[in-house]
Amino acid sequence: MSEVTDDIEWRISNEPVPYAEALSFMEQRAAAIREGATSECIWLLEHPPLFTAGTSADPAELFNPQDLPVFEAGRGGRYTYHGPGQRVGYVMLDLEKRGKDIRCFVHSLEGWMIDTLAELGVSAHRADGRIGIWVGEGRDEAKIGALGVRVKRWVTLHGFALNVAPDLSNFSGIVPCGIAEYGVTSLAELGKQMPMTGVDAALKRSFLPFLKALGGSCKES
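Values in this document were obtained by computation on a predicted structure and should not be read as measured data.

Each value, and the rule that gives it
- Residues numbered from 1 in each chain as written.
- Predicted model: local features only at pLDDT ≥ 70, side-chain atom pairs only at ≥ 80, totals over all residues.
- Heavy atoms only, no water.
- Helix = DSSP H or I, 4+ residues; strand = E, 2+ residues; numbered from the N terminus.
- Rg over C-alpha atoms; globule rule 2.2 N^0.38 Å.
- Buried < 20%, exposed > 50% of the residue type's maximum accessible area, 1.4 Å probe, protein only.
- Contact = heavy atoms within 4.5 Å.
- Areas by Shrake-Rupley, 256 points an atom, 1.4 Å probe, with all protein chains shown as cover.
- Lys, Arg positive; Asp, Glu negative; His and termini not counted.
- Charge placed at Lys NZ, Arg CZ, Asp CG, Glu CD.
- Phe/Tyr/Trp six-rings, centres within 6.5 Å; stacked < 30°, edge-to-face > 60°.
- Pairing = 2+ DSSP bridges.
- Axes fitted to C-alpha atoms, helices over the stretch in contact; angles between N-to-C directions.

With respect to the overall build of the protein
Within the protein, the secondary structure is distributed over four helices and eleven strands. A compact globule built from 221 residues would reach a C-alpha radius of gyration of about 17 Å, and the protein, at 16 Å, matches this within 12%. Projected onto its principal axes, the C-alpha positions of the protein cover 45 × 35 × 35 Å. Scored against the burial criterion, the 221 residues of the protein give a buried share of 52%. Pairs at least 24 residues apart make up 70% of the contacts formed inside the protein by residues separated by at least 6 positions. Surface accessibility of the protein: about 10,000 Å² in total, with carbon and sulfur atoms responsible for 48%. Side-chain charges of the protein comprise 22 positive and 29 negative groups, with the mean position of each set lying 4 Å from the other.

This is the structure:
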């Protein structure tokens, strides 16, 4: 796929990346971006099956009957699951030159996910009082995407996770993002079978509107 913008590196990993390796890369890359030593970066990947704990994680929301690894993520939010069949996007951008507005960044990141899903033929939305990206209505409403970010010296780390075709039973090991009242779904469960390359292409097609939204007049999410 062609690059969307010359000054942002796009990395795509075709094999699952160990979580500790991804954390180390993000920390080093964010520091280098802050020092002006390298470019901003979008990294699309998958992880082996694992749980991550955000800074607001409640141990009572972790059941983990399969004894999957649990990692302290350092991002905002609570517990989430990562695993094969889920497209994780790590977003390392310099907000010092893109508006210095964390709320706008989060709102725009949600918009990027919603626009990407629209490209894939799925209508998704934000939900008042509930973090994440949702599909359906009423009893059928379910979460299809999660996000959790950290901003260090105005450089962003972490990002989003979009459920393409993961093993949804693994989500039963936690209360996903602290929300027990609603289920979790995926593109595959919605009848949208597609390769990860198709998801990546949709993310790229929706990227420039996301980038342009940063520093603009964002409504709070």
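Thoughts on the packing of aromatic side chains
Aromatic ring pairs are described here by two measures, namely the spacing of the ring centres and the angle between the planes. Scanning the model with the defined rule gives 13 aromatic pairs in all. Residues Phe-105 and Phe-210 carry aromatic rings whose centres are separated by 6.4 Å and whose planes lie at 55 degrees to one another, so their mutual orientation is tilted. Within this pair, whereas Phe-105 is found in helix α2 (residues 102-119), its partner Phe-210 is found in helix α4 (residues 207-213), the two being separated by 105 residues in sequence. Taken individually, Phe-105 and Phe-210 each receive the classification buried, so the pair is uniform in this respect.

A short note on the environment of Ala-60
Within the fold, Ala-60 resides in the loop between β3 (50-53) and β4 (70-72). Accessibility expressed as a relative area gives 56% for Ala-60, which makes it exposed. In this structure, the C-alpha to C-alpha distance between Ala-60 and Val-175, residues 115 residues apart in sequence, is 8.8 Å.

Comments concerning the sheet that holds β4
Here three strands make up an open sheet; going across it, the order is β4-β3-β5 and the pairing mixed. Lying at the two open borders of the sheet, with one neighbouring strand each, are β4 and β5 (79-82). Between one strand axis and the next, the sheet turns by 30 degrees as a mean value, whatever way the strands run. Bridge count between β3 and β4: three bridges; the pairing is parallel. The residue bridging Thr-52 from the neighbouring strand is Phe-71, located in β4. The sheet strands contacting helix α1 (residues 19-34) are β3, β4 and β5, and the helix crosses β4 at an angle near 15 degrees.

A look at unusual backbone geometry
In the Ramachandran plot, Lys-100 falls in the positive-phi region, its phi being about 50 degrees despite a non-glycine side chain. If you trace the backbone, Lys-100 turns up in the loop between β6 (86-92) and α2. Although it is not a glycine, Cys-177 sits at a positive phi angle of roughly 55 degrees. Assignment of secondary structure puts Cys-177 in the loop between β10 (155-163) and β11 (183-184). On the accessibility criterion, Cys-177 (13% relative accessible area) is buried.

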